[in-house]
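Architecture and fold: a report
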Amino acid sequence: YFSERTVDKNNDFFLKKEMVETRKNLDVYLKQYFFVNNLEPTNTALNVEANNISKELSNKISNTVSVYDKEGKQVSDIKNPYFKENDEDLKKALKGETAFTIMRIDNKVIINLSYPVTVDNVKIGILRYSRDYTELYKSSEELINVVKMLSIIMVIVIFIISFIISNHITKPII
């Protein structure tokens, strides 16, 4: 139980840190995109350039990035089967928050990150990012199983040693 909680806390810490870094990277790439293409970062520019932005950002970070307008409608063509309109992360992004959701689908662990794209504190759209973290969770599960097995083996060894010691102690002197 303790080891599971510790591993879960560690995974949560890692994922939060990873999501913060991903958002920073996406923000930098998006600013570079507008700068390189000599575009003003506006709601209209984001919507018009949505497909190019989505493709370029997806290539840069090697995962799916979709562009949504400020009302939460997808404006880029890249479809992600794990993005749903009623996902909690999208709802929070519509309210101006950065959020991610962890989904377990078909033995996979998928994490979606959504956040508002703002310029001078004005929301111009939403970016959504998705990544498969199945391997992280599988390795965590394997670690927990190893810890459990070691605990069971230790209990058995301690029991055997205590049994042997108790037999030697209680043996009558002849």
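First things first, this report covers the structure right here in the doc. Since the structure is predicted, the reported quantities are computational estimates derived from the model, not experimental observations.

With that out of the way, let us pick up helix α5 (residues 134-169). Relative to the 52 Å expected for 36 residues at 1.5 Å per residue, α5 spans 52 Å between its end C-alpha atoms, a close match to the ideal helical length. Along α5, the residues that are buried comprise T134, Y137, S140 and I144. Elements that come into contact with the buried residues of α5 comprise α1 (2-36), β2 (99-105), β3 (108-119) and β4 (122-132).

Pairing between the strands of a sheet is mediated by backbone hydrogen bonds and can be parallel or antiparallel. As summarised here, the arrangement of the four strands in space is β1-β4-β3-β2, forming an open sheet in which the pairing is antiparallel. In this open sheet, the two edge strands, each paired with only one partner strand, are β1 (64-68) and β2. Ignoring strand direction, the axes of neighbouring strands in this sheet form an average angle of 20°. Looking at chain direction, β3 and β4 are connected through ten bridges and run antiparallel. What sits directly across from V117, in β4, is G125. Running over the sheet, α5 touches β2, β3 and β4 and is turned about 135° from β3.

Here we come to the nonpolar core. Counting 24 residues, the largest nonpolar core has L26, L30, I53, L127 and Y129 as its most contacted members. Top contributing element to this core by residue count: α1, with six residues. Every residue in contact with Y129, bar those within four places of it in the chain, is listed here: M19, T22, L26, I61, N63, T64, V65, F83, I111, N112 and L113. Within the second largest apolar cluster, five residues are counted, among which are Y68, F83, A93 and I126.

Taken as a whole, this structure holds five salt bridges when the rule is applied. With a shortest N-O distance of 3.9 Å, E21 and K24 are connected by a salt bridge. Separated by three residues within a single helix, E21 and K24 lie in helix α1, roughly one turn from each other. Overall, E21 belongs to the partly exposed group, its relative accessible area being 38%.

Conventions we followed
- Residues numbered from 1 in each chain as written.
- Predicted model: local features only at pLDDT ≥ 70, side-chain atom pairs only at ≥ 80, totals over all residues.
- Heavy atoms only, no water.
- Helix = DSSP H or I, 4+ residues; strand = E, 2+ residues; numbered from the N terminus.
- Expected span 1.5 Å × (residues − 1).
- Buried < 20%, exposed > 50% of the residue type's maximum accessible area, 1.4 Å probe, protein only.
- Contact = heavy atoms within 4.5 Å.
- Pairing = 2+ DSSP bridges.
- Axes fitted to C-alpha atoms, helices over the stretch in contact; angles between N-to-C directions.
- Core = buried A, V, L, I, M, F, W, Y, C linked by side-chain atoms within 4.5 Å.
- Salt bridge = Lys/Arg side-chain N within 4 Å of Asp/Glu carboxyl O.

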